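Chain by chain, the residues run as shown.
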Amino acid sequence: MITHIKGKLVEKNPTDVVIDCNGVGYLLNISMNTFSQIPNQENVQLFTHLQVKEDSHSLYGFYTKGEREVFRLLISVSGIGANTARTMLSSLTPKQIREGIATEDVALIQSIKGIGAKTAQRVIIDLKDKIIKIYDIDEVSVNKNNTSKEEALSALEVLGFAKKQAERVVDKIVAAQPDATVEAIIKQALKNL
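The rules behind these values
Residues numbered from 1 in each chain as written. Predicted model: local features only at pLDDT ≥ 70, side-chain atom pairs only at ≥ 80, totals over all residues. Heavy atoms only, no water. Core = buried A, V, L, I, M, F, W, Y, C linked by side-chain atoms within 4.5 Å. Buried < 20%, exposed > 50% of the residue type's maximum accessible area, 1.4 Å probe, protein only. Helix = DSSP H or I, 4+ residues; strand = E, 2+ residues; numbered from the N terminus. Contact = heavy atoms within 4.5 Å. Salt bridge = Lys/Arg side-chain N within 4 Å of Asp/Glu carboxyl O. Pairing = 2+ DSSP bridges. Axes fitted to C-alpha atoms, helices over the stretch in contact; angles between N-to-C directions.

**Observations concerning the nonpolar core**
Right, so step 1: Leu-74, Ile-80, Met-88, Ile-97, Ile-101 and Leu-127 are the most contacted members of the largest nonpolar core, which totals 27 residues.
Right, so step 2: Breaking this core down by element, the ones donating at least two residues are strand 5 (57–62), helix 2 (65–75), helix 3 (82–91), helix 4 (94–102), helix 5 (106–110) and helix 6 (117–134).
Right, so step 3: The element best represented in this core is helix 6, accounting for six residues.
Right, so step 4: Once residues lying within four places of it in the same chain are set aside, the contact partners of Ile-101 are Leu-74, Ile-109, Val-123, Ile-124, Leu-127, Lys-128 and Ile-131.
Right, so step 5: Core analysis: the second largest hydrophobic core is formed by 13 residues, Ala-166, Val-169, Ile-186 and Ala-189 among them.

**Brief notes about the pattern of salt bridges**
Right, so step 1: Scanning all chains against the criterion turns up three salt bridges.
Right, so step 2: In this structure, Lys-95 and Glu-99 form a salt bridge, with 3.6 Å as the shortest nitrogen-oxygen distance. Linking Lys-95 with Glu-99, this pair stays in helix 4, spanning four residues, or about one helical turn.
Right, so step 3: Among the ionic pairs, Lys-149 bridges to Asp-171, the shortest N-O distance being 2.7 Å. With Lys-149 in helix 7 (residues 139–158) and Asp-171 in helix 8 (residues 163–176), the pair connects residues that are 22 residues apart, well separated along the chain. For the pair Lys-149 and Asp-171, one class covers both residues: buried.

**Examining the sheet that holds strand 4 (residues 43–52)**
Right, so step 1: As summarised here, the arrangement of the five strands in space is 1-2-3-5-4, forming a closed barrel in which the pairing is mixed. Ignoring which end each strand starts from, the neighbouring axes of this sheet average 55° apart.
Right, so step 2: Where strand 1 (residues 4–12) and strand 4 come together, five bridges link them in antiparallel fashion. Counted as the bridge partner of His-4 is Phe-47 from strand 4.
Right, so step 3: This element, helix 2, spans strand 4 and strand 5 of the sheet and lies at about 15° to strand 4.
Right, so step 4: Its contacts with the sheet put helix 3 on strand 3 (24–29), strand 4 and strand 5, and the angle it makes with strand 5 is roughly 15°.

Remember that the coordinates give geometry; whether it matters functionally is a separate question.
Below, the structure is given as structure tokens:
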């Protein structure tokens, strides 16, 4: 119903903003990602998502259409509400979330506060195909990341490290640096094991 709001930025907080649009002040819930991108200038435009419930109407604001699209995909998953989706977009960038889902990186999704293993797996199962189709993410790049991770893990096992411990460390490295080479993953893992 309301696709964007353009007006004078009256108030800016890490979780919400108030935009005055022709004398009407709109409260928009935002993520930390949007908060960090909103310029400290008088006029601003945010793309919006209106959520209507029995007891409330809530507006969510996004600096880019891409972030709004990821938000809408996330809330389509059973068990992910608007606040959880906003927390996810505050913890990771929309690109990190898209790539995490496309590469089936459960550890990355689970690293977000309030997301357990089952919810992370449900997000990946429900959204992987949609994300690959919508954003035309190459399946080859998806497999490349997994291959680097697997090669690094097997090398660490050969070096005598326990699989579970090595896997935890490698998952953190891959989550922080999705494009890391096998060598880079192994070097960093050795420092942390």
